[in-house]
Amino acid sequence: MSKLAQDLVHHYSAGRYVEGRSGRYGDIYNPATGQIARQVSLASTTEAQEMVGVAFSAFEEWSAIPATRRVQVLYRFRELILLHLDELAELLSSEHGKTIDDAKGSIMRGLDVVEFACGIPQLLKGEYSDSVASGVDSWSFRQPLGVCVGITPFNFPAMVPMWMFPIAIACGNTFVLKPSERDPSCTVKLAELMTKAGLPDGVLNVVNGDREAVDALITDERVQSISFVGSTRVGEYIYQVGSSHGKRVQALCGAKNHMVVMPDADIDQVVDAIMGAAYGSAGERCMAVSVVVMVGDQIADTVMEKLKPRIKGLKVGAYDQKGVEMGPVVTPDALNRIKKYISQGLDEGAKLVVDGRDISISGYEEGCFIGATLFDNVTPKMSIYTDEIFGPVLCVVRVTSYDEAIALVNEHEYGNGTAIFTRDGDAARDFMARCQIGMVGVNVPIPVPLAFHSFGGWKRSLFGDHHIHGPEGVRFYTRLKTVTSRWPSGIRAGAVYNFKGGGER
Ligand code: NAD
């Protein structure tokens, strides 16, 4: 039995909380104090398979309900999220560490996808061809897959699950969600709210766990698709194992997003953009800007001079402290990993302009805090450039031409997001066309597509063919069926139908 049974996060299945039976538990930290706040049940293989069984049994009935009725649940779910926004944000921040405003913002971005999913009946419409041959018609329409699985990361415990299950469920699928074991409480709460919104039992299930649960889900023959969001190491594994078991897989993975600053860029706009994009959510965002490529020393020096005081003035603290702009990182392990990268950067010869390692927050001395950190003169061979650090550490690389800048963007193994800052439409247009990146911003540092567009990277930032949510999301969670039909003909030739006599001709 867990030491912290009263603070244990349970699974959620068939419309109720389900206590774990494996006897294995994961620790959940309060990142602000650095102390273990609760524990979460880690499912065994059998428990994960049982969850799939519940979703499998619920599929036939749920998929037979017309889409117009299925989405009524999502309309009510939307209202419930708004009603419970404070509670959800508190749960999220207390386990993740991000500020309450950030938490609310991310929940609202998830809600955008719910709103998009409310329009599924329109998106499931097929195509029709009249008379493809004499007396023959043909049409196509989209049908749900069956049991879909979602495996999600710690950094957006509400938004990323909401990229997945509202669309999957609106399309007529049933769903098993495996959230991050580091901050699962908010995710489980979402499932409870879906039940309150009227979702039939078994359509959405949440199984908590680690690799054991994941392996059970991605190899289960009843599972039709896997949506994964997380690191490239794990995503590539899930893609390979899931695909070899015949499943449709989309794995959205790690990133190293470059922001190119041209000599003619608006300096103040650049500085504002860097502050938000590099240090917002303590850099724990797959769309965070982690590399700034400065084209020319002149703009580089000017931006650096303006950036330093802004970084030093950033208010770091616990999520519920007044005026806090940046919270801690998620766990002591994450903090140590980030600090190790900073030491490596120094060893490799980068210039540490602002060092966030020595920060101490009064009253939270043991918390997982690290201040915003800035490196200059970073080169492409350094580990702080090649690796995703996933913390508030920004690398500045100086180049002398636009061609060098775009080559850097394209040669990096990741291809999630990028941005160019310039006043030159010609440069912006060329950049947009030539960069090998999934999401591109022009004077927009974090070009996250809205819910009715699709989100996804290129290269090793995405394995699979489909981006997530928007039209690609609908395609991912459905299969196309094409019907060709011919009816007995003759009515034009004067055939007489006598329905009173049992419909015989
Ligand atoms: P992670 O890969 O450690 O974990 C993601 C999920 O995989 C979790 O549910 C976790 O339990 C599971 N998992 C972890 N190790 C596993 C293993 N060995 N076998 C099977 N499953 C395993 O990622 P994280 O640290 O939670 O999240 C941060 C990462 O997510 C970053 O790399 C970030 O870039 C990425 N991310 C990407 C996007 C995107 O859209 N591309 C969005 C958000 C986060």
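Above this note sits the structure.
It should be emphasised that the depicted structure is a prediction, and the values quoted were computed from it without experimental measurement.

Draft legend 1. Layout of helix H14 (residues 402-411). All of the buried residues in H14 are Tyr402, Ala405, Ile406, Leu408 and Val409. Viewed along the axis of H14, the buried residues span an arc of 150°, placing them on a single side of the element.

Draft legend 2. Region of the structure containing the site of the ligand. The local shell around the ligand holds 26 residues, among which Lys178, Glu181, Ser231, Cys253 and Glu388 are the closest. One of the backbone nitrogen or oxygen atoms of Gly230 is found 3.4 Å away from an oxygen atom of the ligand. Interatomic distance of 2.6 Å between a side-chain N/O atom of Ser231 and an oxygen atom of the ligand. Judged by the proximity of its atoms to the pocket grid, the ligand belongs to the largest pocket. At the level of elements, helix H8 (211-219) and strand S11 (223-229) are the ones that each hand at least two residues to the shell around the ligand. Looking at the shell around the ligand, its residues break down into 14 nonpolar, seven polar and five charged. Here the shell around the ligand spans two domains, since at least three of its residues come from each of domain 1 (5-253 + 461-484) and domain 2 (257-442).

Draft legend 3. Highlighting the layout of surface pockets. Its boundaries defined by the atoms lining it, the largest pocket holds a volume of some 1300 Å³. Contributing to the lining of the largest pocket are 43 residues, with Arg182, Gly230, Ser231, Arg233 and Val234 lying nearest its centre. For the lining of the largest pocket, the secondary structure elements donating two or more residues are helix H6 (159-170), H8, S11, helix H9 (232-244) and helix H12 (332-347). A total of five residues in the lining of the largest pocket trace back to one element, the largest contributor, which is H9. Here the residues of the lining of the largest pocket sort into 22 nonpolar, nine polar and 12 charged. In this structure, the lining of the largest pocket is formed jointly by two domains, domain 1 (5-253 + 461-484) and domain 2 (257-442), each of which donates at least three residues. Taken as a whole, the second largest pocket encloses approximately 350 Å³ of empty space.

Draft legend 4. The arrangement of the pattern of salt bridges in detail. Under the criterion given, the structure shown has 26 salt bridges. Between Lys189 and Glu192 there is a salt bridge, with its nearest N and O atoms 3.4 Å apart. Here Lys189 pairs with Glu192, and both are found in helix H7 (residues 185-196), just three residues apart, close to one helical turn. Each of the two residues, Lys189 as well as Glu192, counts as buried. Across the pair Glu305 and Lys308 runs a salt bridge, and its minimum N-O distance is 3.1 Å. Linking Glu305 with Lys308, this pair stays in helix H11 (residues 297-312), spanning three residues, or about one helical turn. Here the residues in one salt-bridge network are Glu87, Lys189, Glu192 and Lys196, joined through shared partners.

The rules behind each value
Counting restarts for each chain: residues are numbered from 1 in the order of the written sequence. Local features in a predicted model are, by the rule used here, given only for residues with pLDDT of at least 70; side-chain atom pairs are given and counted only at 80 or more, and totals for whole chains, interfaces and linings are based on all residues. As a rule here, side-chain values come from all non-hydrogen atoms in the structure, and water together with hydrogens is ignored. Using a 1.4 Å probe on the protein chains alone, a residue whose accessible area is under 20% of its type maximum counts as buried, one over 50% counts as exposed, and one in between counts as partly exposed. Helix and strand labels come from DSSP, where a helix needs a run of H or I of at least four residues and a strand needs a run of E of at least two; each type is numbered from the N terminus. What the arc covers is the set of directions going from the helix axis to the C-beta atoms. Here a residue counts as near a molecule or strand whenever at least one of its heavy atoms sits within 4 Å of it. As used in this structure description, the phrase polar contact means that two N or O atoms lie within 3.5 Å; if the pair is within protein, one of them must be able to donate a hydrogen and the other to accept it, and residues adjacent in sequence are counted only when both atoms belong to side chains. Using a 1 Å grid laid over the protein atoms alone, points where a 1.4 Å probe fits but cannot get out form a cavity; open sets with protein on both sides within 12 Å along at least 5 of 7 lines form a pocket; any residue with an atom within 4 Å of a point counts as lining. Assignment of a molecule to a cavity or pocket requires that more than half of its atoms lie within 2 Å of the corresponding grid points. In this classification, the charged set is Asp, Glu, Lys and Arg, the nonpolar set is Ala, Val, Leu, Ile, Met, Phe, Trp, Tyr, Cys and Pro, and all remaining amino acids, among them Gly, are polar. Start and end positions for the domains come from either an automated domain assignment or a database one. Grid points are joined across faces, edges and corners, and a volume is the space filled by probe spheres set on the points. A pair is scored as a salt bridge if a Lys or Arg side-chain nitrogen falls within 4 Å of a carboxyl oxygen belonging to Asp or Glu.

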